[in-house]
Amino acid sequence: MTESLETTTHTTDSGPGGYAAARLRLLQEESPSGPPRRTALADLTDQWLAALLTGGTETAGIARGVALVAVGGYGRGELSPRSDLDVLLLHDGSADRSALAALADHIWYPVWDMGLALDHSVRTPDEARGTAAEDLKVQLGLLDARHIAGDAALTADLRTTVLGDWRAQAPRRLPELHALCQERAERHGELQFLLEPDLKEARGGLRDATALRAIAASWLADAPREGLDDARRRLLDARDALHLSTGRATDRLALQEQDQVAGALGLLDADALLRQIYESARIISYASDVTWREVERVLRARSAARPRLRALLGGRGGAGSGADAGERSPLAEGVVEQDGEVVLARAARPDRDPVLPLRAAAAAAQAGLPLSPHAVRRLTAAARPLAVPWPPEAREQLITLLGAGESTVGVWEALEAEGLITRLLPDWERVRCRPQRNPVHRWTVDRHLVETAVRASALSRRVGRPDLLLVAALLHDIGKGWPGDHSVAGETIARDVAARIGFDRADVAVLATLVRHHLLLVETATRRDLDDPATVRSVAEAVGSATTLELLHALTEADALATGPAAWSAWRGSLVADLVKRVSAVLAGEPADDWSTPQHTTAEQERLAVEAWRTGGPVLALHARSEALPPGETGLLTDATEGPPEEGPTGPEPIGVELLIAVPDQSGVLATAAGVLALHRLTVRAADLRAVELPSELDAAGAVGGVLLLSWRVAAEYGSLPQAARLRNDLLRALNGSLDIVARLAEREAAYRKYPRRRGAHAPPPRVTVAPGSSQLATVIEVRAQDAPGLLHRIGRALEHAGVAVRSAHVSTLGANAVDAFYVTDDAGAPLKPMHAAEVAQEVERALTSPPGA
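Please read all numbers here as calculations on a predicted model, not as lab measurements.

### A short note on the sheet that holds strand β5 (residues 328-332)
Overall, antiparallel pairing links the three strands, which are arranged β5-β6-β7 in an open sheet. With one partner strand each, in any of the chains shown, β5 and β7 (341-344) form the two edges of the open sheet. On average, adjacent strands in this sheet sit at an angle of 40° to one another, irrespective of strand direction. The sheet contact formed by β5 and strand β6 (residues 335-338) spans four bridges and is antiparallel. Looking at the pairing, P330 lines up with V336 of β6.

### Brief notes about the sheet that holds strand β2 (residues 85-91)
Taken in spatial order, the four strands of this open sheet run β3-β2-β1-β4, and their pairing is mixed. The open sheet is flanked by β3 (118-123) and β4 (146-150), the only strands paired with a single partner. Averaged over all adjacent pairs, the angle separating strand axes in this sheet is 25°, with direction ignored. As defined by bridge partners, strand β1 (residues 66-70) adjoins β2 across five bridges and the pair is classed as antiparallel. Bridged to V66 within β2 is H91. Contacts from helix α2 (residues 35-60) reach β1, β2 and β4, with the element oriented near 35° to β4. Contacts between helix α7 (residues 152-188) and the sheet are confined to β1, β2 and β4, with β2 contributing the most and set at about 105° to the helix.

### Topic: the nonpolar core
If you look at the biggest cluster of nonpolar residues, it comprises 94 residues, and the most contacted ones within it are L371, W390, W412, L425, W428 and F503. When sequence neighbours within four positions are dropped, the list of residues in contact with F503 reads R395, I399, R465, D467, L468, V471, A498, V508 and L511. Core analysis: the second largest hydrophobic core is formed by 57 residues, L199, A202, A231 and L299 among them.

Reading guide: rules and limits
Residues numbered from 1 in each chain as written. Predicted model: local features only at pLDDT ≥ 70, side-chain atom pairs only at ≥ 80, totals over all residues. Heavy atoms only, no water. Pairing = 2+ DSSP bridges. Helix = DSSP H or I, 4+ residues; strand = E, 2+ residues; numbered from the N terminus. Axes fitted to C-alpha atoms, helices over the stretch in contact; angles between N-to-C directions. Contact = heavy atoms within 4.5 Å. Core = buried A, V, L, I, M, F, W, Y, C linked by side-chain atoms within 4.5 Å. Buried < 20%, exposed > 50% of the residue type's maximum accessible area, 1.4 Å probe, protein only.

Any functional reading would require information that these geometric values do not contain.
Right under this line is the structure:
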């Protein structure tokens, strides 16, 4: 415990036997913990408050007609170390107001003096009922009302009337409660996917568990009970440990607290803690979905019954007076729709039909209907295991389920809730509810796999084997949770799973290749030079065939789209499409373009080069690149034009803004230009640096040193793009030494570090490596680091100091992580010797770990 929970005590309990000392002893004991400790804390608090009420009634001269009532979490006997005390002073209205005020003060002030949070009220039963009728949260708290001391009959009457009111008003109040739950979920997110979850407010948290109790109290519907109490208990235990480790009344499980909370709960590490919390949240979320669906069904049936009853009483009834609520429509063999859900047919025999679980799931997903929890339980209890390898129908039904789109998710969750997924695919257990620490990922590993299949279903018309695409989507990250590279581990698992579900040897090999190389296209396209023939040949060798390449292209897009908004954009899509086009040509037998062949210079590039040579200074142009423009065409941005944002709510999505800079050849151009862009808060997504051939008449005139052309893909960090004239002016000043880029960026970094709240979680140190075999014409230095303003400038300076020439740079940013690849050569234009390359990598890494400006 980081600090004493109670630092002040009231004079009435300041002795060693007082409430404060007893409370502190209870919370500092290692046992009992969990429900016993929460109950003991509630009992201890009851005794203290009861004594305060007794002393207060004697002081105020009130003989009868008052009661002290615990409500909310305290009413349920679930006091966490820093929980609020929700207390109602109930009276029958016979006592004098001044006497009641004195009694309330006698109770409330000692609680405040203890430093405990108190939610208090003084009401008659009628006032309590009236407030509950107006305020849903008050009514929910009163549903858990529990007598502490005083007139027990007064409390009993209040409980009876409040529960009666709740049941009578349920058709009106439950939709209000549902809307409240949905609004809270939108505001706080889903507990089962958050890296820093709010244990109480997020969807699947303690608030939703309380809502389920309220629904049960209405007698309209009841939640699935299996595992629900344990899930709620685990969340409460985690909150207790969080309160004790922080010494604060908080429900948000911050990253920096997770290891300590895990240790307090006897768990291995923070990942084990998150997985346990996610599993609990998933149980509560699924129970909520099922229960709210049942509430809506009951309310809908009641609404439909009233006009039918009126019609019957009026003599207008008959056999055709309305649709039968029990009508069953067949969907597949042994599967029917009834009352908006998919259930088993009366003649279905799950004990004789091992394919029935997959057939029912596929039918539900294709129909866009929920799978009845009763049907899933029956299938779980009675269904026979599938033969290995699976019969063809089982494999086809799995593919049908995966190809249903968005409705697949709900059906899959229903199967997960009853353990059917791990029964069908035992390897699923390793990824189930597994957290992903990378903030780019929105989902846990298992949910990400299902979401990838959903995305892949929309791309199935682009491939010749949609079945392989969908299964690869489901399995591509199945190796996470195993030691080493998850792609390597996943390849082995994918072979076993594919053979298990009945694919032949050739298809098994394709699925294994897709899983092994599911990151190949996007990593190569964003981190390697596509003009280097070695890059294209290496991808072609890994993929092996045009069919596999087609599938890998679709899988790459589906995977990125299912990861999160930072993982895919039109820019990344264009790079991957370009790589696929080049690899397709090689697989078709065409030779890869050789880098030794002089690159084509466009008319605009030549114009910029000539202008740079003529003026002796930098010349630049900005171009908006959008998917709406035909290939090869750009929209020029003049100096006064503001560039478009990277992603807009309407219209074509820009691939980015292309910045062309031509400058007379000199050292340090890459670092200087990157520094200027950082000063203007421009994010660099790709960079290319090469010499431009001048027209023959200029060469004859004695052009010395030639001209360098830098082609950048940039985006504004926020706001609008700067004007081209301002960029050129600052670049000119930086090149001639009148603008100290290093000092300016160091000043900005120093100002940034003044604000601790902006620092965020501690980032791992940068890593700089040599990528062997990536190119025959240059050495590839790969940098992985926390993205930060001026990062590319610092890397460029380090490479300049190392005495190497940068041929091109390929920049990729995913969330807060930057992965940049630099193609470098020595003075003679050749790749670096292995020892030299290692020294350069070490020098760049040292530069990135040193303070900015050093």
